[in-house]
Every structure is written in C-alpha cells, then in structure tokens.
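# Tertiary structure, described
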Amino acid sequence: MDTKNVKKTKRTNTAKVAAKSSAFNVNLSKLKIKSMDDYEAIHQKALEDPAKFWGERAKSLLHWFKPWEKTLEWDFAKPHVEWFTGGKTNASYNCLDRHIDGPRRNKVALIWQGDPEDDVRIWTYQMLYDRVCRFASALKNLGVRKGDRVVIYLPMIPEMVVSMLACSRIGAVHVLVFAGFSASSAQSRIQDCEAKVVITSDGMFRAGRVMPLKANIDEALKDCPSVRRVIVVNRTNMPTAMKERRDIWWRDVMSDRSLNARLPAVQMDAEDLLFILYTSGSTGKPKGVMHTTGGYLTYAAHTTQLVFDTREEDVHWCTADIGWITGHTYGVYGPLLLGGTTMMFEGGPRWPDPDRFWHIIEKYRVNTFYTAPTAIRLLIRDGDEWLEKHDRSSLRILGSVGEPIDAKTWNWYRDTVGDGKIPVVDTWWQTESGGILVSPIPYVTPLKPGSASLPLPGIDVEVLKEDGKPAKVDEEGHLVVKNPWPGMLRGVFGDKSKFKENYFSRFSGFYLSGDGVKKDQDGYLWLQGRLDDVINVSGHRFSTAEMEAAFNAHPAVAESSVVGMPHSVKGEAIYAFIHLKEEEKPTDAMRSDLRKWVRKEIGPIATPEYIQFVESLPKTRSGKIMRRVLRKIVSGNIEDLGDLTTLVDVSVVEALVTEHELLTGRSSLS
Ligand code: WTA
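Summary of the structure given here. Please read these numbers as outputs of a predicted model, since none were measured by experiment.

Rules used throughout
Residues numbered from 1 in each chain as written. Predicted model: local features only at pLDDT ≥ 70, side-chain atom pairs only at ≥ 80, totals over all residues. Heavy atoms only, no water. Helix = DSSP H or I, 4+ residues; strand = E, 2+ residues; numbered from the N terminus. Buried < 20%, exposed > 50% of the residue type's maximum accessible area, 1.4 Å probe, protein only. Salt bridge = Lys/Arg side-chain N within 4 Å of Asp/Glu carboxyl O. Near = heavy atom within 4 Å. Polar contact = N/O pair within 3.5 Å; in protein donor to acceptor, adjacent residues only side chain to side chain. Areas by Shrake-Rupley, 256 points an atom, 1.4 Å probe, with all protein chains shown as cover. Nonpolar A, V, L, I, M, F, W, Y, C, P; charged D, E, K, R; others polar. Domains from an automatic or database assignment. Pairing = 2+ DSSP bridges. Axes fitted to C-alpha atoms, helices over the stretch in contact; angles between N-to-C directions.

### Side note on the environment of E385
As for its position among the elements, E385 is in helix α15 (residues 385-388). Residue E385 is classed as partly exposed on the basis of its relative accessible area of 49%. Note: C-alpha distance between E385 and W249 (136 residues apart in sequence) is 44 Å.

### Overview of the pattern of salt bridges
Under the defined criterion, the tally for this structure stands at 48 salt bridges. The salt bridge involving R169 is made with D97; its shortest N-O contact spans 2.8 Å. Here D97 lies in helix α5 (residues 91-100) and R169 lies in helix α7 (residues 159-170), a separation of 72 residues in the sequence. Here D309 and R311 are joined by a salt bridge, their closest N and O atoms 3.0 Å apart. Like R311, D309 is buried. Ionic contacts of the salt-bridge type, sharing partners, join the residues K30, D309, R311, D314 and R396 into one network.

### Some thoughts on the site of the ligand
For the ligand, the set of nearby residues contains 17 residues, the closest of which are T427, T431, D515, R530 and R541. Here G402 contributes a backbone N or O atom positioned 3.1 Å from a nitrogen atom of the ligand. Contacts to the ligand include D515, whose side-chain N or O atom sits 2.7 Å from an oxygen atom. In the complex, 97% of the free accessible area of the ligand, which totals 520 Å², lies under the protein chains. Within the residue set of the shell around the ligand, elements represented by two or more residues are α12 (325-337) and β25 (525-530). Of the residues assigned to the shell around the ligand, the class counts are six nonpolar, six polar and five charged. Shared between two domains, the shell around the ligand takes at least three residues from each, and those domains are domain 2 (349-435) and domain 3 (454-531).

### Concerning the sheet that holds strand β5 (residues 120-124)
Here seven strands make up an open sheet; going across it, the order is β5-β4-β17-β16-β18-β19-β20 and the pairing mixed. In the strand order of this sheet, the two ends are held by β5 and β20 (424-426), each with one partner. Between one strand axis and the next, the sheet turns through 15° on average, direction left out of account. Sheet topology note: the strand β16 (residues 315-318)/strand β17 (residues 341-345) ladder contains three bridges and is parallel. When the bridges of β17 are listed, V315 appears paired with T341.

### Points about the sheet that holds strand β24 (residues 511-519)
In any sheet, the strands associate via hydrogen bonds between backbone groups, in a parallel or an antiparallel arrangement. Across the sheet, four strands lie side by side as β21-β22-β24-β25; this open sheet has antiparallel pairing. The sheet is open, and its two borders are formed by β21 (461-464) and β25, each paired with just one other strand. Mean inter-strand twist for the sheet, computed between neighbouring axes without regard to direction, equals 45°. Bridging between strand β22 (residues 477-481) and β24 involves four bridges; their strand directions are antiparallel. Residue V481 lies in a different strand from β24, and its bridge partner there is Y511.

### Observations concerning the pairing of strand β2 (residues 80-85)
With five bridges joining them, strand β1 (residues 70-75) and β2 adopt antiparallel strand pairing. When the sheet's bridge partners are listed, D75 is paired in β2 with H80. The hairpin turn running from β1 into β2, its antiparallel successor, is four residues long.

Set out below in structure tokens:
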C-alpha cells in the first residue's frame, strides 16, 4: 500500500483555519473525519441510521425555509426515492443570499479566466447575487414560470452560472447542453425537455480561435415549437443573425432598469426538480437525468466539503465544463453552497502553450484542483519542463474524475504536479449520482495509485457477478449500490419506465451503475470501465447505439457498429465499422465525409478515430452483431475471441482482423 503522501504531509494550521471560518456568520458545519477509525465509525452510523445521518447533514449545510416532515422514503424495487419530503429550500438562496448578509458579501465567489489571458472577471458574492436577481427577474418578465425548462447552451463564461442560479431562483429547471454538441444534438435535447427559453452566445473562443454558436441554435430551432425566446450573450462580436420577436441580446435584457436586483427566491419543495442533464446510456436516445432540489444540494455541499476539505480562503478549480455534471456539482453548486471561491476557465490546457493549467494555478494560487485523467495524460506528453516553470505550492488536493486513472498517470500527477506531497483523490461517480460516491478522504485514506479507494460514508456499494451473487476478492463484477443517497437521480425526464429499466431491473433491489469493478482484500475499489454499450472518450460518455443511429442515417450507410478502442490519451477512442450500401465505394473521401457527418450529427467530440469499411459484420444466427468480437479486435486481443459457434460465418472475423491491421498499421498479435 502506498502511504507515502499520508505520512509525509501534516495537516497544518487546521486550528487557525477553523477559528477564522467561525468569524463568518454562515458556519456550514463540517463533518470531521480525521482518521480511518472516524471514517469507519461514521460510515457504520450512516448505514445504520441513514435518516439521522443525512438529516443532520442537510440541516447543517443548507438553509431550509421550512423543515421537512420525512427524511427518507425509499423502495428500490419500485423504484421510489424521496428525501426531505415537505421541506422547503432554494438553490440560489443557498448559494447566494445567506452568504451576503455577512463578511462573505465582499468575498470572491467566482474567478473567471477567459481564453485570452487578459480577459478576466472577478465577481464577489454581492456582484453575483445582483446579476442573478436581475436575470431571474428578466426571465420572469419573459414568461418563465416555476417548472418551465430553460436550455443553457453556452461556452464557459460566467453567464452560465448566472443563468443556472437565476433559473433555480424562480423555480425554473435548467438544462445545460454542452456547447461542443452539434445543432442536431441540441435539437433533440430541446425537443425532449420542451424548453421554453434557450440561452446561448453569438460565438465562442477556443484556443485563440473564434467559432460560431448561435448558428447551431438557429438550425436546431427549425423544429422546436416549444421555444419562445432565445437570449444571446455577446461574447465574440461576430456577425450574428437575430430573429425578430424571438431573439434578444443578453445585454438588452439586463439593461432594463426596472429589473429587481433583490428578487426573492421562490420556496421550492425538496423534491421539486432542480435540473435535467442529458447523458448517454446504452440506448440510442440520450436520457434526461432528473435531479431534485433538497437532496442534490445536500449531497453537493456534503461531498465538496469531504473530498475537497473546503476552507474559507481556498481557490477551488474544477476544470470540467459546466455543461457536464462535474461542472454542475463541483464547479458551481458545491463551492458556492459552502461560500467558497470557484475558478472557471474558458480555454483548453495547451493554448497558447502547454503550461496554461500550471500558469493559472500559479496566477490564482489554486488550492484544490480537479481534472480528468485525459487532460493529465495529454500534459504528461508535453514534458515536465512546462510544469517546473510554475509555483504550485498553493496546491493542497489534486482530484481526478471521469474515467479510470492508471497508476502511471496517477503517480505523475502526485509526484510531479504535487511534488509527492499532496494526495490525489480519484473520485468515482456519474451524472446519475449527482456527486462523488467513491473517493479517498484526503490526508486520511491511505492511497493506492489507480484505485478510487473506498465508498464515502453512508454509501453501500457491492460487486455483483452476472448471476447476482457477490464477487470474490479481485473478481470483476458490476458495481451496484444497495441504499439511496440524497444526490441520486429521481428519474428520467418524460420516461417513467426508463428509470426502472436502466438502473433497477438488472439486479432487483440494487442501483446499477453500468461500471465494472474489482474489490481487493482491503475493500479498495478498482474501476474497470463500462460494462454496457457506453464509450468513455476523454471522460465524455457516448452511447454506441446513438453513434450507430447517426451513421445509419447517412445515405451511403447500410449498417454500422461502433465500439470503444483503448487510447493512450483519451482513455477510449471511437472505432466505427461501416458496411456501405452496395452501390457505394469505400474511399478516403467517403471516410472523411462520414467523419464530417458524425461531427454534424453529434458534435466534434464524437469524431471517430478510425472508420473501417467492412463487407459484413459478425452476426449471430438470430441477427445480432457480436460486439464482443469487435471490441476484442480493436483492442488487439484476438487470441481469445471466445465462443464463435453462434456466428453465421466465422470467416468474417478473419477479414475484419486483416482490415483492422491494415487500417491501424499494427498487428493485433503484437
Ligand atoms: C466513468 C462523470 C473510473 C464511469 C462524473 C462512470 C470513472 C462514468 C471515474 C460517468 C473514476 C467517472 N474512475 N471511472 N474515478 N469517474 N468514471 O456521467 O464509467 O459523465 O460510469 O459522470 O464515467 O460519467 P459521467
């Protein structure tokens, strides 16, 4: 077991910091885990009496307008989960109002670093509060009511945070759509949630380039009758078409002097919807994961405190785009609920130079840094000299999320970025879980490079084999959760049956994560990647079915099959097997056309690494494509293809292997 960092580092100044924190009048009481004995004891207590444990947490972390009547009601067999029933609270109130009545009023809430180095905005809680109230008041004037859905399709600019908190202030449901998604992906999400308003920007900056964004919304809205208004942030000054009576500039909305800069927050039921976030599952259609107010907020604040050990003077930087769940929980809600200072960065890690991250850490003296293994792997390649130029002594905790982090990357992160002195917290969770479920407690849990370690207190995970029996030590199985936690999803928007079907039917009475995992003799969890048809590319989830549907919609394609291929930087890359219609030719031009097609259908992040044209796909007698075989071929693992007797034509496999080797320039046996 690697306990190097645990031994080496002492917790300094804890008493001083605690004294300082209590000077603030909002004292969000902290759960103290100082040793593994504390961890064990609290974990046990939380499992024995979840209502008591989570009730106390919810009470100390949030302001409630009205206390709840029942802490927890649940039955995974149905499934049915409710937390803090009858309680009244509000997300925007908890992130803003309660901080501004005291010294936090002038504390920095948000540091925004633009893609251009000199573009910086620093907002205090008061400044953020004013903007949120005014924008919330504007949304009301535009006819947005409690329960209405508002799609936010923005690059990483502060208006994203203002929009989210303005929605929650008036009880509207925010639905973020990552700005890297295409017009068509945005359209299907807008249609599915029947958004009333869309918030976007003229364009966006990325690595020094300017790219249009509003144009995608114009394209998407050709078939979205629910949308009444589009609010457009002026980010780039690029020429932008505005549709009369539908489109309105953000600056015009906000310049209305009659907006209420003290608009009171609406009292929401704990179980009222706070947001919907679409994510890919094993079916072709993205699922609108629903998160509710009281439970999600409690869990966001609780896990931020536990995993990032939030201190009053910290600068917390989560590099994830706010369009993803990580950005929601650890870029916005978690830090703001705790009255922290959160960093937001518009650009990417390697522009103008590969030291941009390290430069930002030094510039703002970042204390807690949270990023994805794919970014770390990318930066390893550029060499340590980029990092060594910068003072990183402010760092106290390094977090990782989104995909399994291999030991080599983990070690570099800790030893090079963190000079071997600070812990790496490998945090495992999902859009559906709302917050972190498995992670070390920094400076407490002994670390093993490559393992997300142990479940957080009160989270009861189990490893189940295909037959539903618990897996043995070091045996791979499905990661399932036995009990509810406040941050868990409450359903799939517009589709009641999907909630049960996707998460609670494979093993009755358990929440199914879709991930494979092994538990070692110390109970440490080693995540193995998805067990369903989801590909995780650079920490972004794609469903193979969704990608196949996109390929199949191309006029030249007869049939397709998409699988994940191991990739040294991205974790997994997209590999597509394409069977063209008889009259079509498998040329390079066709390949590039298909690439463009998928980028347009889903977005640039879904660009396939390889497209292999095939004469036929390996099918069983019942007509099912044997993906297992395709997965093995692309991972170069052809010695053990498993049982092929159910295939109609085994010779297909041989042809596929040969073609694969020609295409990728490698021998699968090497
Ligand atoms: C994967 C992101 C291994 C996993 C928060 C999960 C991880 C999916 C880790 C969720 C980790 C996330 N180790 N795998 N630390 N964190 N994953 O919904 O497959 O975008 O099911 O949420 O990412 O992705 P999502």
